[in-house]
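Listed here are the chains, written in short residue letters.
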Amino acid sequence: MALRIKSRWHDEDSERSLEEIAGALAFISWRIAKDKAINLHGEDFVYETDEQRMAVIVEYLILQLQIVDRIAHQRLGLNEEERRQLVITLAKHLAGHLQDNSVDLFGPGDYVKPFIEKMNQRGTEYAEFSYGTDGPSYPFMRHLGYEIQQIMGETQANRWVIDQVMDKDGLDVDREIRRAVENLFD
């Protein structure tokens, strides 16, 4: 079943701050990432632990942050300071969602610091890959697939997870978050 995401403002005539837009994008990003992690299980890929499932969600969150940054740079007409504010605020909201959900699942702890470190590491890695008007390049998607395969392990059950991520789920994530960004900034 397809994920339904509301990405239009109730009162379309009101002006929205970058903070409000980032908060809405974070909520949408979390839902998309969680849905894609669940989808992998539905496609008969196997998580051995909840930590693996959360690590996959993190990879999808980071991917979406990268996509939002690229779209903000290429299409939204934001100046450099506005783009920076959007991306940083979105990252903080994503970290908040991750912290709340991780505490619920794993108990008390600091889940934000490792997320920020991973986000910065992946940001450097994704900077090497292009993202054009038609979306992410093949290496962009391959990197996502590779990272998720590393998390899930190369067991017989998970052998083809990289293909599922590259050819289907990663592209779905791009399409869904791109549509949300366009709708929220419209």
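Look up: the structure comes first, before these words.
The paragraphs below set out a description of the structure included in this document.

Definitions and limits used
- Residues numbered from 1 in each chain as written.
- Predicted model: local features only at pLDDT ≥ 70, side-chain atom pairs only at ≥ 80, totals over all residues.
- Heavy atoms only, no water.
- Phe/Tyr/Trp six-rings, centres within 6.5 Å; stacked < 30°, edge-to-face > 60°.
- Buried < 20%, exposed > 50% of the residue type's maximum accessible area, 1.4 Å probe, protein only.
- Helix = DSSP H or I, 4+ residues; strand = E, 2+ residues; numbered from the N terminus.
- Contact = heavy atoms within 4.5 Å.
- Axes fitted to C-alpha atoms, helices over the stretch in contact; angles between N-to-C directions.
- Nonpolar A, V, L, I, M, F, W, Y, C, P; charged D, E, K, R; others polar.
- Salt bridge = Lys/Arg side-chain N within 4 Å of Asp/Glu carboxyl O.
- Expected span 1.5 Å × (residues − 1).
- Arc of directions from axis to C-beta.

This part is about the packing of aromatic side chains. If you walk through the whole model with that rule in mind, you get four aromatic pairs. Aromatic pair Tyr126 and Phe129: ring centres 6.3 Å apart, planes at 80°, arrangement edge-to-face. Overall, the relative accessible area of 0% leaves Tyr126 in the buried class. Ring geometry for Tyr126 versus Phe140: centroids 4.9 Å apart, planes at 40°, classification tilted. Highlighted residues: Tyr126 in helix H4 (residues 112–126) and Phe140 in helix H5 (residues 138–152), separated in sequence by 14 residues. On the basis of relative accessibility, which here comes to 0%, the residue Phe140 falls in the buried class.

This part takes up the environment of Ala91. For Ala91, the location among the structural elements is in helix H3 (residues 80–106). For Ala91, a relative accessible area of 7% puts it in the buried group. Expressed as a C-alpha distance, the spacing of Ala91 and Met119, which sit 28 residues apart in the sequence, is 8.6 Å. Contacts of Ala91, omitting those with residues within four sequence positions, involve Leu65, Phe115 and Met119.

Two elements in contact, H4 and H5, have axes separated by 11 Å at closest approach and are oriented at 145°. Taken together, the residues of H5 that come into contact with H4 (itself represented by Arg122, Glu125 and Tyr126) are Phe140, His143, Leu144 and Glu147. The residue makeup of the contact of H4 with H5, split by class, is three nonpolar, one polar and three charged.

Let us look at the pattern of salt bridges. Scanning all chains against the criterion turns up twelve salt bridges. Note that Glu176 is salt-bridged to Lys36, the shortest N-O span being 3.9 Å. Residue Glu176 is located in helix H6 (residues 161–185), and its partner Lys36 is located in helix H1 (residues 18–42); the two are separated by 140 residues in the primary sequence. Per residue, the accessibility class of Glu176 equals that of Lys36, and both read buried.

A separate point is H4. Along its 15 residues, H4 runs 20 Å from first to last C-alpha, staying within 8% of the 21 Å computed at 1.5 Å per residue. Within the sequence span of H4, burial applies to Phe115, Met119, Arg122, Gly123 and Tyr126. Summarising the axial view, the buried residues of H4 lie within an arc of 110°, below the 170-degree limit, and thus occupy one face. Of the exposed residues in H4, those oriented more than 90 degrees away from the buried face are Lys113 and Thr124. Buried-residue contacts for H4 involve helix H2 (50–74), H3 and H5.

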